[in-house]
Amino acid sequence: MRIFGYLSKKVGDLTVKYSNLPESYIKRSYEQVYWKNPTGYPQYAKAQIARKRYRFTTNRPWTGQFQQQNERNTHRKKVFLEPIAEWSFFKGDRVEIMVGRDKGKQGIVSQVIQERNWVIVEGLNTHLRVMGKTKTFPGVTIQSEAPLLVTNQVKLVDPESLKPTEIEWRYTEEGQKVRVSKASSRIIPIPKSAEETMDFKSKALYIENTEKDTAADEVTKITFAPKLRTFEMDIMEEQGIKEDRVPAKSYWY
Amino acid sequence: MNKIFNKILRCSVVLNKSQNVYRMGPVAIKNNFHTTSAKCDLMEFFDTKKNWSESNIRVGRAWKLDELRIKSNSDLHKLWYVLLKERNMLFTMEQECNAKVRLFPNPERIDKVQESMENIEKVVRERNIAYYKLETGETGERPVEDVVNLIGLQEKYEKKEYAIPRFLNSRWVKPYLENGYTNSYAIKKFLRLYKEKQYNEKRKARNRDYNHVQQLLKRFPDMDMELLKAEYPNVDIEKAKRTKKARGNYMPKY
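Residues numbered from 1 in each chain as written. Chains lettered and ligands numbered in written order. Predicted model: local features only at pLDDT ≥ 70, side-chain atom pairs only at ≥ 80, totals over all residues. Heavy atoms only, no water.

(A) Spotlight on the overall build of chain B. Secondary structure assignment for chain B yields ten helices and three strands. Secondary structure elements in chain B, listed N-terminal to C-terminal, are α-α-α-α-α-α-β-β-β-α-α-α-α. A total of 254 residues make up chain B; the buried ones form 37% of that total. A fraction of 61% describes how many contacts in chain B between residues 6 or more apart in sequence connect residues 24 or more apart. Per element, the accessible surface of chain B, about 16,800 Å² overall, is 54% carbon and sulfur. (Helix = DSSP H or I, 4+ residues; strand = E, 2+ residues; numbered from the N terminus. Buried < 20%, exposed > 50% of the residue type's maximum accessible area, 1.4 Å probe, protein only. Contact = heavy atoms within 4.5 Å. Areas by Shrake-Rupley, 256 points an atom, 1.4 Å probe, with all protein chains shown as cover.)

Shown next, in the form of structure tokens:
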């Protein structure tokens, strides 16, 4: 069997950005590979047996809940996603809800789930959920927000008129890509909280791990000086390793 | 530079200072020179004791290619060993955590270290290729040839190095077809079946896409058709629109 690239839905860019995890880690944490042929042997074709379709939900792909929802032998209906040209909803955006009980209300986007074209709006489009109910305990009722589709269930709010509006991506004269409201041609800036990740609110607020991290100013220091030497020659010279032997003639075939 | 790498190489420096300072000689301190042999026991394979009970050890991201390109060869060399030690430590800790049925904190650290090491290799390779191209006009990489292998499939053959030339080497058997062609019945049969398999895969993918587009049209009739065309270029959308599946008699839930 061949590995079908088009069957495995990729995790959204914004999800990867929010997680602040290496992509390879996200991949290996959510993928379920049941069998993989050994690599590096000519007799084995490149093949694997793995789960092909994953159900992406509000649970993030690297979490245990995601694994639970995608347990082996659980199969759920295929989800159809409307293709989207360019993602234009970010955490912290003010949006208006176009459907449901909270139709016409405005709120702030608190989560973006790109794999399903969803956003979650803080405190809106909610339902009640009873948690921890037992025979003796009636349980605790909490309000939980249901996700909304970005295609037709929410719209960005125009900063001038505070009315829902269509947007358009355009370039400013400085070459910056911005969202422009179609109603008033005003720029809708991308909020600061869009760069929030699991680890830090913004890049500037990241606290370095002094034991493990290399300091930022050390990283940007330029120590490279071009020399007419290979890496090995340079290291050997620096370490005082002298090599006078001439390698015998060899043949490549 | 040493100084920062020392920081990452935490166990040797941090622990030594507290345990026995005299082992790091005055010269060493002056030059800020770091040798890992200062504490050459197996505990270097483990994390510092302080981190054993931690449930979250947060670290920064991996080194990017552009950050490594501005570093000198010796810095890359040192950083490689820092990362190698870190990787060994992480693998040991992971193994130990599994053995003790504990949760290994932040397993993504392994991926970060791995990515940094791969990037270092890439940068070193880039530099060497630049040197060899300038000096010899060749890349200096292991030569690779496009061949047709013994079962008739296209393959990249990585050449090997031998002490004697090919015409003297009577034990060497060519692992690919001479002119890319053979008259063998078995290989022809294999290729015929292989092509059929490939064709079936393609056909299934085409049908799957066609059905998928029909379902999309049923669910989202007002969808942007340009986008749909761009995403599924092989599907005849006008044809898909006319089908019974695309019409639908009710609004499906998803």
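Read on for the rest.
(B) The packing of helix H5 (residues 231-239) of chain A against helix H5 (residues 73-99) of chain B, seen in detail. At a minimum axis separation of 9 Å, H5(A) and H5(B) run at an interaxial angle of 85°. Here H5(B) runs roughly perpendicular to H5(A), going by the angle between their axes. Where H5(A) approaches H5(B), its residues A:Phe231, A:Asp234, A:Ile235, A:Glu238 and A:Gln239 are matched on the opposing element by B:Asn73, B:Ser74, B:Leu76 and B:His77. (Axes fitted to C-alpha atoms, helices over the stretch in contact; angles between N-to-C directions. Parallel < 35°, antiparallel > 145°, perpendicular 65-115°, else oblique.)

(C) View of the pairing of strand E4 (residues 106-113) of chain A. Residues and elements named next belong to chain A. Of the strand pairs in this sheet, strand E3 (residues 94-97) and E4 are connected by three bridges, and their pairing is antiparallel. Counted as the bridge partner of Glu96 is Gln106 from E4. Of the strand pairs in this sheet, E4 and strand E5 (residues 118-121) are connected by four bridges, and their pairing is antiparallel. Directly across from Val112, in E5, lies its bridge partner Val119. The antiparallel pairing of E4 with E5 creates a hairpin that spans four residues between the two strands, and Asn117 there sits at a positive phi of about 60°. (Pairing = 2+ DSSP bridges.)

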